[in-house]
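Summary of structural features
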Amino acid sequence: MAEAQAKGAKIQITELYIYPIKSLRPISLRTAQLRREGLRHDRRFMLLKVADGGGAYDNVLVSKYAQCALFAQALDDDASPRNIVVTYRGEQVGEQDRDELRVPLEPAVEDLETVDVDVFGSPTRAFRVGETCDAWFSARLGFPAVLVYIGDNRRSVLAHAPPSSPPPGIGGGSWHSSVASFLLSYLYQPQQGKSPEKEGGERLVFNEAAPFLLTSWASLRDVSARLRDVTARMPDGAPAVDMVKFRPNIVVDQVPSPSPSADNEQPVLKAWDEDFWGEVAIGGGGARRRLALTANCGRCVSIDVNYATGRRTDAVLRKLMRDRRVDPGNKWSPVFGRYAFLLPPQSTTGGGSGGSNGDSGGEDDALFATAPADVAVGDEVEVTRRLGERDVWAWPE
């Protein structure tokens, strides 16, 4: 794979998305910061429905409350301090009410009330942003809701966190890479049951099971081809299914080589190939960043939400149920995309794939804990480790 990418077509990042308020529409970025807990500003806020009586909360997710798709968000880069600008695209709730809400991107939390929040079985405490935000969202969602912010709090990863580092020298074009891939399917298994406070492990904000979600355009084109009745009505070249339905952070696609022989290139990115990606490197030279892809993303009714109407009207899930239930650990959910974690940097000295042969040592590991890494649309993506078989979902119920 590494050799084919170097000589011909390449895989690149084509889109980057963040969702500052979980379950609302995404923000598309040209550049972003990779942090250990996810892209900067991704899923730091979420909405909670106030249960009858006011003593409990229900997570507001687009899978359950499809009207979340009617709320767009953007970053107000000109303001100081910066804001998330939320715009409602549904029916008006009254001429006196604002269509737009500004939420502080990093609100001060010292005097804010806290509430317990549980996402995917992993709890934390969050801060209520304030009554103004609560009232604005409640009027448009049609039920009492509160907006919460995670601040510096984090959630535990309950399964699929990567080991601190894979064995050095693995992957790439070396002669032993195929043997190593086979061995790693047994040795390089996701860690389960680790407490981040006690073990120094991975941490989450309001993302569900991992800091990042990576998807492929090759796989989306395969999905769109299944919806022939929709495809026939689309403009030339437009997909029948919007990638936004799958709510990724990092989207990749094959880009052609500029060489005259590009028309004869073999594809380096095929539909569903990402099922077998164990690790990827992003960027080039000393700026390469590594992601461990440790689990499949099983899909639910959220991919049937029509983002124009805020209702579940599409049939994508049913189409995928036919042949994409490929994870025996999550056998009722079709797979689209891979969960990923940021790995520590490795030294660029010595042999091995892409110059990532040895461990970086304590200095780089300490830097990894705090320093973000920039990524951008157009950055090259190299598959540096492949799996012999698909991962099996093991998140505790």
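Bear in mind the structure is a predicted one, so any value in this text is a computation, not a measurement.

1. Re the sheet that holds strand 22 (residues 373-376)
An order of 4-3-22 is seen for the 3 strands of this open sheet, with the pairing classed as antiparallel. Edge strands, defined here as strands with exactly one partner in the open sheet, are strand 4 (38-39) and strand 22. The pairing of strand 3 (residues 31-35) with strand 4 spans 2 bridges and is antiparallel. The residue of strand 4 that forms the bridge with Arg35 is Gly38.

2. With respect to the packing of aromatic side chains
The final tally for this structure, using the stated rule, is 12 aromatic pairs. On the numbers, 4.8 Å between centres and 40 degrees between planes, the contact of Phe71 with Tyr88 is tilted. Here Phe71, found in strand 7 (residues 71-76), pairs with Tyr88, found in strand 8 (residues 83-88); they are 17 residues apart in sequence, far enough to count as distant. Taking relative accessible area as the criterion, Phe71 reaches 1% and is therefore assigned buried. Tyr88 gets classed as buried once you look at its relative accessible area, which sits at 11%. Ring centres of Phe246 and Phe336 lie 3.9 Å apart, and the angle between their planes is 20 degrees; this geometry places the pair in the stacked category. Taken as a pair, Phe246 in the loop between helix 6 (228-231) and strand 16 (250-255) and Phe336 in strand 21 (residues 335-342) lie far apart in primary sequence, 90 residues in all. The ring of Phe143 is capped by Lys49, whose NZ or CZ atom sits 4.9 Å from the centre of that ring. Residue placement shows Arg324 over the ring face of Trp272; its charged tip is 3.7 Å from the ring centre.

3. Some details on the state of the cysteines
One pass over the structure, following the stated rule, counts 0 disulfides. Free cysteine Cys297: the closest other cysteine sulfur is in Cys300, separated by 8.2 Å.

4. Describing the sheet that holds strand 5 (residues 45-50)
The 5 strands are arranged 6-5-12-11-10 in an open sheet whose pairing can be described as antiparallel. A single partner strand is all that each edge strand has here, and the edge strands are strand 6 (57-59) and strand 10 (114-119). Along the sheet, successive strands turn relative to each other by an average axial angle of 50 degrees, direction set aside. Relative to strand 6, strand 5 runs antiparallel, the two being bridged by 3 bridges. What sits directly across from Leu48, in strand 6, is Asn59. Along the sheet, helix 2 (residues 131-141) contacts strand 5, strand 11 (122-128) and strand 12 (145-149); its crossing angle with strand 12, the most-contacted strand, is approximately 130 degrees.

5. Observations concerning the pairing of strand 3
In strand 3, alternate side chains face the same way, and those of Ala32 and Leu34 are buried while those of Thr31, Gln33 and Arg35 on the opposite face are not. Of the strand pairs in this sheet, strand 3 and strand 22 are connected by 4 bridges, and their pairing is antiparallel. Note on strand 22: the bridge partner recorded for Thr31 is Ala376. Here strand 3 hands over to strand 4 after 2 residues, the two strands then running antiparallel side by side.

6. Thoughts on helix 5 (residues 217-226)
A large share of helix 5 lies buried, amounting to 7 of its 10 residues. All of the buried residues along helix 5 are Trp217, Ala218, Ser219, Leu220, Val223, Ser224 and Arg226. Its side-chain oxygen at 3.1 Å from the backbone nitrogen of Ala218, Ser216 defines the N-terminal cap of helix 5.

7. Quick notes on the pattern of salt bridges
In this structure the tally under the stated criterion is 21 salt bridges. Asp42 serves as the salt-bridge partner of Arg43, at 2.9 Å between the closest nitrogen and oxygen. Judged by relative accessible area, which is 0%, Asp42 ranks as buried. Via salt bridges that share partners, Glu37, Arg44 and Arg154 belong to a single interconnected network.

8. Regarding the environment of Ala281
Looking at the element boundaries, Ala281 is found in strand 17 (residues 277-282). When its relative accessible area of 1% is taken as the criterion, Ala281 is described as buried. A C-alpha to C-alpha distance of 5.7 Å links Ala281 and Val381, two positions 100 residues apart in sequence. Among residues more than four places away in sequence, those in contact with Ala281 are Arg288, Arg289, Arg290, Glu380, Val381, Glu382 and Thr384.

Rules used throughout
- Residues numbered from 1 in each chain as written.
- Predicted model: local features only at pLDDT ≥ 70, side-chain atom pairs only at ≥ 80, totals over all residues.
- Heavy atoms only, no water.
- Pairing = 2+ DSSP bridges.
- Helix = DSSP H or I, 4+ residues; strand = E, 2+ residues; numbered from the N terminus.
- Phe/Tyr/Trp six-rings, centres within 6.5 Å; stacked < 30°, edge-to-face > 60°.
- Buried < 20%, exposed > 50% of the residue type's maximum accessible area, 1.4 Å probe, protein only.
- Lys NZ or Arg CZ within 6 Å of the ring centre and 35° of its normal.
- Disulfide = S-S within 2.5 Å.
- Axes fitted to C-alpha atoms, helices over the stretch in contact; angles between N-to-C directions.
- Contact = heavy atoms within 4.5 Å.
- Polar contact = N/O pair within 3.5 Å; in protein donor to acceptor, adjacent residues only side chain to side chain.
- Salt bridge = Lys/Arg side-chain N within 4 Å of Asp/Glu carboxyl O.

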